[in-house]
Amino acid sequence: MSTTNPEIIKRLRSNVLKTSNKERRRVLKAREYDYINEQDELLKSIIKEKVKRARKNGKVIKPASVRQQYRKVINLCDRLNGDFNVFKNRYKVVRFIYGTYKTPISRNSQLQAIASILVVIKGFKDDYKFYSDLSTLRRRKITAMDEKNELSDKDKENWMPWDEIVKLNKVNPKDIDPMDKAIVAIYTMIQPRRSGSVSLLTLSDRRTRLSKQYNYVLMKNKTPVKLVYLKYKTDKVYGKVIVKIPRDLRKVLKEYINVMGLKAGNPLFMDSKGNYYGNFSKRVTQAFGKYVKDKRITVNLL
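For the structure given in this document, a descriptive report is provided here. (Residues numbered from 1 in each chain as written. Predicted model: local features only at pLDDT ≥ 70, side-chain atom pairs only at ≥ 80, totals over all residues. Heavy atoms only, no water.)

### Quick look at the overall build of the protein
Helices and strands together make up the secondary structure of the protein, namely 12 helices and 4 strands. Looking at the protein residue by residue over its 302 residues, the buried ones come to 40%. Here the analysis covers contacts within the protein between residues at least 6 apart in sequence; of these, 57% occur between residues at least 24 apart. Element-wise, carbon and sulfur atoms account for 50% of the exposed surface of the protein, whose accessible area totals about 18,700 Å². (Helix = DSSP H or I, 4+ residues; strand = E, 2+ residues; numbered from the N terminus. Buried < 20%, exposed > 50% of the residue type's maximum accessible area, 1.4 Å probe, protein only. Contact = heavy atoms within 4.5 Å. Areas by Shrake-Rupley, 256 points an atom, 1.4 Å probe, with all protein chains shown as cover.)

### A closer look at the packing of helix 9 (residues 178-188) against helix 12 (residues 280-289)
Interaxial distance between helix 9 and helix 12 falls to 9 Å at its minimum, and their mutual angle equals 100°. Classed by the angle they form, the pair helix 9 and helix 12 counts as roughly perpendicular. Along its contact with helix 9, which presents Met179, Asp180, Ile183, Val184, Tyr187 and Thr188, the element helix 12 presents Phe280, Arg283, Val284, Ala287 and Phe288. In terms of residue class, the contact of helix 9 with helix 12 is made up of 8 nonpolar, 1 polar and 2 charged. (Axes fitted to C-alpha atoms, helices over the stretch in contact; angles between N-to-C directions. Parallel < 35°, antiparallel > 145°, perpendicular 65-115°, else oblique. Nonpolar A, V, L, I, M, F, W, Y, C, P; charged D, E, K, R; others polar.)

### Details of the pairing of strand 3 (residues 223-229)
By the criterion of burial, strand 3 is predominantly enclosed, with 6 of the 7 residues buried. Where strand 2 (residues 215-220) lies against strand 3, 5 bridges are found, and the strand directions are antiparallel. Note on strand 3: the bridge partner recorded for Lys220 is Thr223. Where strand 2 folds back on strand 3, the antiparallel hairpin that results is connected by 2 residues, among which Asn221 adopts a positive phi of roughly 55°. Where strand 3 meets strand 4 (residues 241-244), 4 bridges bridge the pair, whose relative direction is antiparallel. Residue pairing for strand 4: Val228 is matched across the bridge by Ile242. (Pairing = 2+ DSSP bridges.)

### Remarks on the pairing of strand 1 (residues 201-204)
Here strand 1 shows two buried faces, one formed by Leu201 and Leu203 and the other by Thr202 and Ser204. Across 4 bridges, the pairing between strand 1 and strand 2 is parallel. Directly across from Leu201, in strand 2, lies its bridge partner Asn215.

### Here we look at helix 4 (residues 90-100)
Here helix 4 has its buried residues at Val93, Val94, Phe96 and Ile97. Seen from one end, helix 4 has its buried residues packed into an arc of 160°, which puts them on one side. Exposed and facing more than 90 degrees away from the buried side of helix 4 are Tyr91 and Arg95. (Arc of directions from axis to C-beta.)

### What about the pattern of salt bridges?
Evaluated as defined, the whole model comprises 7 salt bridges. Of the charged contacts in the structure, one is a salt bridge between Asp133 and Lys129, with a shortest N-O distance of 2.7 Å. Taken together, the residues span about one helical turn, with Asp133 and Lys129 both in helix 6 (residues 125-150) at a distance of 4 residues. Of the charged contacts, one joins Asp180 and Arg283 as a salt bridge, the two residues approaching to 2.9 Å between their closest N and O atoms. With Asp180 in helix 9 and Arg283 in helix 12, this pair connects stretches of sequence that are 103 residues apart. (Salt bridge = Lys/Arg side-chain N within 4 Å of Asp/Glu carboxyl O.)

### Focus: the packing of helix 9 against helix 11 (residues 247-260)
In the contact formed by helix 9 and helix 11, the axes pass within 9 Å of each other and the chain directions differ by 150°. Here helix 11 runs roughly antiparallel to helix 9, going by the angle between their axes. Note on packing geometry: the crossing formed by helix 9 with helix 11 is left-handed. Where helix 9 abuts helix 11, its residues Pro178, Met179, Lys181, Ala182, Ala185 and Ile186 lie against Leu249, Val252, Leu253, Glu255, Tyr256, Val259 and Met260. Tallied by class, residues from the contact of helix 9 with helix 11 come to 11 nonpolar, no polar and 2 charged. (Left-handed = near helix turned anticlockwise from the far one by under 90°.)

Here you go:
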């Protein structure tokens, strides 16, 4: 499979300028156009397939983001003096990335780009899985490092390993109320977690005409089945995100919704006046405080 190589285009244009034969200039110019058009068609087909897959999974992907990833992949091909098949030499590619890019984020950005493009290229299934798994592993380590570095001194004192926080769902404190249990569950039982967007979750029994100012808990037969995130920190980049609610969390939320008598249009978590919380982070800390007495668990720690 060929890829856009600026050096090839540069060489074609150089040959066009050097020759004085009009016919040769015409032929070389045509070759340049054919080469560029070939790459344009490849990119178009990749965008088409990526958009198709995203829609099938209830997600939205912007063509501009695909083009950006594609350019990274093409740049790697050029620098490695190869075409897409160079990515089958995984050792060579990873060694080059780690030797060329200096920060964990920039390295992982290249791995993510490779995986995002190879996923729709035939014959690269195993290679896609390799780069995707490696990227996911590195991203988790980067997130762990960022969280540790960004914590205040107080947060560091209260820090708990994530596996211990998840185990809180197995605990049943005496003074726990349905909202406390639901808050702890929704922060620990589902991925991806969008911690700053939970406060805007609203019950809905319809799938369309949802306001982009809120996030939603989609109900089916009085049971919460999906979370729809429309309003969150990076919504301009990733657009609508739909997450299927796992069975254990579905059970907790259904019980909470029934006990509280919530209906479509109500905030999932409402204050004493029936409104969205003005300071939901404080309410989250209070909920986790019922489970962990000797530490102060904040949203930053989640």
